[in-house]
Every structure is written in C-alpha cells, then in structure tokens.
There are 2 protein chains.
Amino acid sequence: MSDRVLEFYFEFSSPYGYIASELVEAFAAERDLTVAWKPFLIGAAFKQAGTRPLLDVPLKGPYAIHDLKRLARLHGLTVVIPEGFPIMPVAACRALIWCQKHAPDRAVDLIHAIYRYGFAAGKDFGKAPVVAEIAAGLGLDQDAVLAGTQDSEIKAALRDQVEAAIAKGVFGSPFFIFDGEPFWGVDHMELLGRWIDDDGW
Amino acid sequence: MSDRVLEFYFEFSSPYGYIASELVEAFAAERDLTVAWKPFLIGAAFKQAGTRPLLDVPLKGPYAIHDLKRLARLHGLTVVIPEGFPIMPVAACRALIWCQKHAPDRAVDLIHAIYRYGFAAGKDFGKAPVVAEIAAGLGLDQDAVLAGTQDSEIKAALRDQVEAAIAKGVFGSPFFIFDGEPFWGVDHMELLGRWIDDDGW
C-alpha cells in the first residue's frame, strides 16, 4: 500500500461512477497510489447546487447515454441503464460502510458486485434485502449486512461522509481528489493522470 | 481544405469555448480536418434543458473556475473571467455572421480577437459598438459591422443557426460534431481525437 492516496468519490446510482470504478484500480496501480473508496450521496450535492440527475436533463440526458456507451466500449465494458433507474443508493452505501468496518478486505469486491449488478446486469439494487443478497454472494453475513443498513451508527457515519464530501467541494460522480487537487468526471482521468505524472503544472 | 469537416459549436460567453477556440485549429490540422466554426447562443439550450450557466452553480462554479485555469495553464494559455461576466454574446455572434458573409477570410481572426478581448484581456465585449471596434482593429469596416449587428437578415440567420444547433443536440460549449458523432467539452477533445484516429469503435 502506497501512502500516496487517491480519493475516489462515487455514488452508486451513477453510471459514470460505475465506469470509473472499473478503471480506477489499474489507474492507481500504474502510479503506485492507494485508492480511498469514498461512497457518497449525490442527492445532497444536487440539492445544494440546484442541479438534477444528468439523465433527466433534456438534450444533455440523451447525449450522456450515448457518451456512456461509447466510453464503456472504449474500455471493453458494457453499461446498461438498469431497471428502476435512478436507483436509490442509500442501502448500498450503508452496506458498504458496514463492510468497510466489519470486513474491510471485502469492501472493494462489494463495490464491484453492487455496481455490476446494476450497470452490467441491469438490475435494481435499491432495496436493502437485495444489497444484502449481493453481499451474501461474496460470503458476507446476509443478516448482519441487512441489520447494518438499519444501524443508527452506520446511518450517522454515512451522513458524516456525505457532509465531508460536500465540504471538500465534491458535487458529481465520479470525483477524484489527489493531494487536495479536485478532478470531476471519467473524462478528467487522463488530465488527473497527467497531473500526477507531471507533479502538477 | 479537407472535405472532412469538424463542426465546432461555441458560444462567445463560454470560457471553455475560448480555450477550445485556441486549440481547435492545431487539433484539426493534425488530422487534416476543416473546422466549420459554428457560433450559437447557449441561452436557448439552457432554456430547453432547464440548466444554468456553469459558473453560477454552487459547488460546480468554483470548481469550474479552478479547472479552467488549470486547463489553460496546461496549454500555455491564461484565462480570466472578464468584467461583466457572463458577457452578452448576441452582438458578437451577429458581427461574426456578418463577417462570415462579407469577409469570410477574416472570420476566424474575428473569433479569436473577440474571445481574447474577453478571456485573455478580461474586457466586456457584450455591446455592439465594442464588437465593431474589435472588428475595426482587424481592418474590417466598423460602421458596416455595427450596422450588421442590427440587420434583420443577420438576426434571422443567427436564430436559424441556434435552432439548427439545438436540433443537432448541441447543449453546451464547446461542442464538436464529427461525421454525426457528438462530443461535448474541452475534456472530450482527447476522446474525439481518438475517435477520429481510430475511425470510431
């Protein structure tokens, strides 16, 4: 584990977040960075910024779907907009926080499993029992995960994480911070890479 | 002039459009493309999409200013947010349409001169007499340009161009279309380049 940390903020309902989640480990490995996986809820940022879910916006929404699929193809991925989109991300976030606390070595697997359930398999992971089932598929304790999604400490921890993200200026997904420097969007990963490689400019 | 055309949609009040205007000619020359310079008014797209000027959005606005300056430095440019921002782009657009009609070989120079007056020198080009003066600095007929900004045919041509842009799905600045394929943003120019070089994917 490198002590050079790449903070990776993502929201589970974000298809661009999904694509970034599939790219970020190789990106970090190339540069000897440790990824700090930071789930957050974009709704709070939308509220503060007065913005809306991208795919709901006329003109921009249809473009985004086209762009997503094009970006995914470039990276050898497929992305589908799942049933029930936009998926409610709260249960997934809480399950992940439970996992980061109780089974931290499985947390990245859980992120991938949830994201792929939605954006590769096209299924809705918005409800806590579904998330617990996904976790069980990784060998995690299904009942404990389900209880975790209702745990008041975990609820509070998520609220704190969302507030901390917004306090750092995070407003979209994916969002990267390296050494205090913010980069928004999959389409900024090349610029971020150059920034890290060049030690800024 | 290549018959492979890169449509470059830009709005004069857009600082990202300014940066793209400084990069697009080298980008096109590398790939033997002809740039079709397409001024439009983003306000109409904002209205249809229910979105707002980027720099006005909480969280996103401060990030955008940081990102702009970082992007400009990378390309050896400076960008300043001019007095009176957001600048009214209508007079500039009409003057450009006048120029494209009456002195087409000076149109690209006029685009650069207007953009640089705003985003390099930091001055407001929102009023028609200012635009006419900028045009006069290039040897164009100041009175004819000024009259052009009030010409009903030019006004109608601008309205048509804006409608045509929206009909093509253009909603932001800069926006590129190559062979029907849309790319939004300076940060998509690398992807656009790869798309052209690879003949799609």
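Presented here is an overview of the structure given in this document. Residue numbers restart at each chain and count upward from 1, following the sequence in its written direction. Numbering of ligands from 1 and lettering of chains from A proceed in the order in which they are written. Confidence filtering applies because this is a predicted model: local features only for residues at pLDDT of at least 70, side-chain atom pairs given and counted only at 80 or more, and all residues used for totals across whole chains, interfaces and linings. As a rule here, side-chain values cover all heavy atoms of the structure and leave hydrogens and water aside.

**Looking at the side chain of Asp67 of chain A**
Operational definition: Strands are runs of DSSP state E lasting at least 2 residues, helices are runs of H or I lasting at least 4, and numbering of each runs from the N terminus. Exposure categories follow from relative accessible area, calculated using a 1.4 Å probe and restricted to protein chains: below 20% of the type maximum is buried, above 50% is exposed, and the middle band is partly exposed. Under the rule applied, a polar contact is a pair of N or O atoms within 3.5 Å (in protein, one hydrogen donor and one hydrogen acceptor; residues adjacent in sequence only if both atoms are side-chain atoms). Contacts between residues were defined by any pair of non-hydrogen atoms, one from each residue, lying within 4.5 Å.
In this structure, Asp67 of chain A sits in helix α3 (residues 60-74). Among the residues examined, Asp67 of chain A registers a relative accessible area of 3% and is labelled buried. Among the polar contacts listed, one links the side chain of Asp67 of chain A to the side chain of Arg70 of chain A, at a separation of 3.0 Å. Polar side-chain contacts of Asp67 of chain A include one of 2.8 Å to the side chain of His188 of chain B. Discounting residues that sit within four places of it in the chain, Asp67 of chain A has contacts with Tyr16 of chain A together with His188 and Leu191 of chain B.

**A word on unusual backbone geometry**
All names here are of chain A. With an omega of 0 degrees, the peptide bond between Phe85 and Pro86 qualifies as cis. With respect to the helices and strands, the residue Pro86 is situated in the loop between α3 and α4 (90-102). One non-glycine residue, Asp32, adopts positive backbone phi at about 55 degrees. Relative to the assigned elements, Asp32 resides in the loop between α1 (15-30) and β2 (34-39).

**Let's talk about the interface of chain B and chain A**
Keep this limit in mind: Accessible area, probed at 1.4 Å, shrinks when two parts are joined; the buried area is that loss added up over both. For this document, the term salt bridge refers to a Lys or Arg side-chain nitrogen within 4 Å of an Asp or Glu carboxyl oxygen. Side-chain classes follow a simple rule in which Ala, Val, Leu, Ile, Met, Phe, Trp, Tyr, Cys and Pro form the nonpolar group, Asp, Glu, Lys and Arg form the charged group, and the remainder, Gly included, forms the polar group.
Opposite the 33 residues of chain B that make contact, chain A presents 33 residues. For the pairing of chain B and chain A, the buried interface totals around 3200 Å² over both sides, and the portion due to carbon and sulfur atoms is 62%. Taken together, chain B and chain A are joined by four salt bridges. The closest approach of N and O atoms between Glu181 of chain B and Arg70 of chain A, which form a salt bridge, is 2.8 Å. Of all elements in the fold, only α2 (42-49), α3 (60-74), β4 (181-184) and α9 (189-198) of chain B reach the threshold of two or more residues within the side of chain B that touches chain A. Per element, the largest residue contribution to the side of chain B that touches chain A is eight residues, and it comes from α3 of chain B. Its residues assigned to classes, the side of chain B that touches chain A shows 18 nonpolar, six polar and nine charged.

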